Each structure stands twice: as structure tokens, then as C-alpha cells.
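Here's the letter readout for the chains.
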Amino acid sequence: MYYKFNGVTQRLVGAAASAAYNPQGLKPIVSTESPALIFGTTTKLASDLPATDSFLGKNKVPDLQKLFQKADGLPVHLKRGVPDKLLYRTTMALTIGGTIYCLVALYMASQPRNQK
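Rules used throughout
Residues numbered from 1 in each chain as written. Predicted model: local features only at pLDDT ≥ 70, side-chain atom pairs only at ≥ 80, totals over all residues. Heavy atoms only, no water. UniProt positions renumbered as here; feature names shortened; annotations may be inferred. Helix = DSSP H or I, 4+ residues; strand = E, 2+ residues; numbered from the N terminus. Buried < 20%, exposed > 50% of the residue type's maximum accessible area, 1.4 Å probe, protein only. Polar contact = N/O pair within 3.5 Å; in protein donor to acceptor, adjacent residues only side chain to side chain. Contact = heavy atoms within 4.5 Å. Pairing = 2+ DSSP bridges.

In the annotation of an unreviewed UniProt entry, the entry for the chain reads Cytochrome c oxidase subunit 7A2-like, mitochondrial, and the organism field reads Aquila chrysaetos chrysaetos. The Subcellular location (unreviewed entry) field of the UniProt record for the chain holds the comment "Mitochondrion inner membrane". Within the UniProt record for the chain, the comment given under Sequence similarities (unreviewed entry) is "Belongs to the cytochrome c oxidase VIIa family."

Trainee: Sorry, what's going on with the side chain of Lys-79 here?
Mentor: The topology assignment puts Lys-79 in the loop between helix H3 (61-69) and helix H4 (82-110). Given a relative accessible area of 11%, Lys-79 falls into the buried group. There is a polar contact of 2.5 Å between the side chain of Lys-79 and the backbone oxygen of Lys-70. Excluding residues that lie within four positions of it along the chain, Lys-79 makes contacts with Leu-67, Phe-68, Lys-70, Asp-72, Leu-74 and Asp-84.

Trainee: Before we go on, may I ask you to explain the pairing of strand S2 (residues 11-15) in this structure?
Mentor: Across a regular strand the side chains alternate sides, sitting on one face of the sheet and then on the other. Of the strand pairs in this sheet, strand S1 (residues 2-6) and S2 are connected by five bridges, and their pairing is antiparallel. Paired with Asn-6 across the two strands is Arg-11, which belongs to S2. In this structure, the hairpin formed by S1 and S2 is closed by a connection of four residues, where Gln-10 is found at a positive phi of approximately 60°.

Here's what the structure looks like:
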């Protein structure tokens, strides 16, 4: 026997197999026709493309692995030189500036206003 949830009585009630598998009156949509094409061109699967034509650039991963795994005492976020140092110092300056600004705003908000 099959069961389905009755929304009125809030209980399980006996039901036919089709009603149990399609609750609340939902019926499966079975279409025998394929939908109309929106675009007339066919798509190419990635498996159909040759591996050599998919990427024509140079693989930089081995070079970057050598650079980042070098034991020179620098942290990873500073290993690429001047751009990393500039980005790091800018981030630190903005962080310190924002902290000071928040502390000043908190101090000003904690002081009572003068009554005139």
C-alpha cells in the first residue's frame, strides 16, 4: 500500500501509487518532442577538442613553484619582489589608518555634547 501526506488533516493517508509518487496533484511532464533549437550552431564538447589547441600560452606553474619553494627566509606573500612589498605596505598603512580613524570616532562619540 502507498501513502501520501494529506494537507487538510496533516496525516498520512492511503493512496494509489501514482498519487503517492506525485504528491499534491503534481504530474510529471512527459514530452515526446524535443524542444526547438534557439541557436542553430552546435556546441563543441571539451573532450572533442585536441589538447594542444586548447591552450597556447606557456605554463608558468613550475617556475612559480621554484620561486615560492626557495628557502630564502622571506614569507610567501613577499617573494615576488617590489609589487608584493608595495601591496603589503599599502595594506598595512590602510589597516593602521582605519584603526586610528575608528578609535578617534569612538572617542568623539563617547564624549557628551556641549549644551549651549
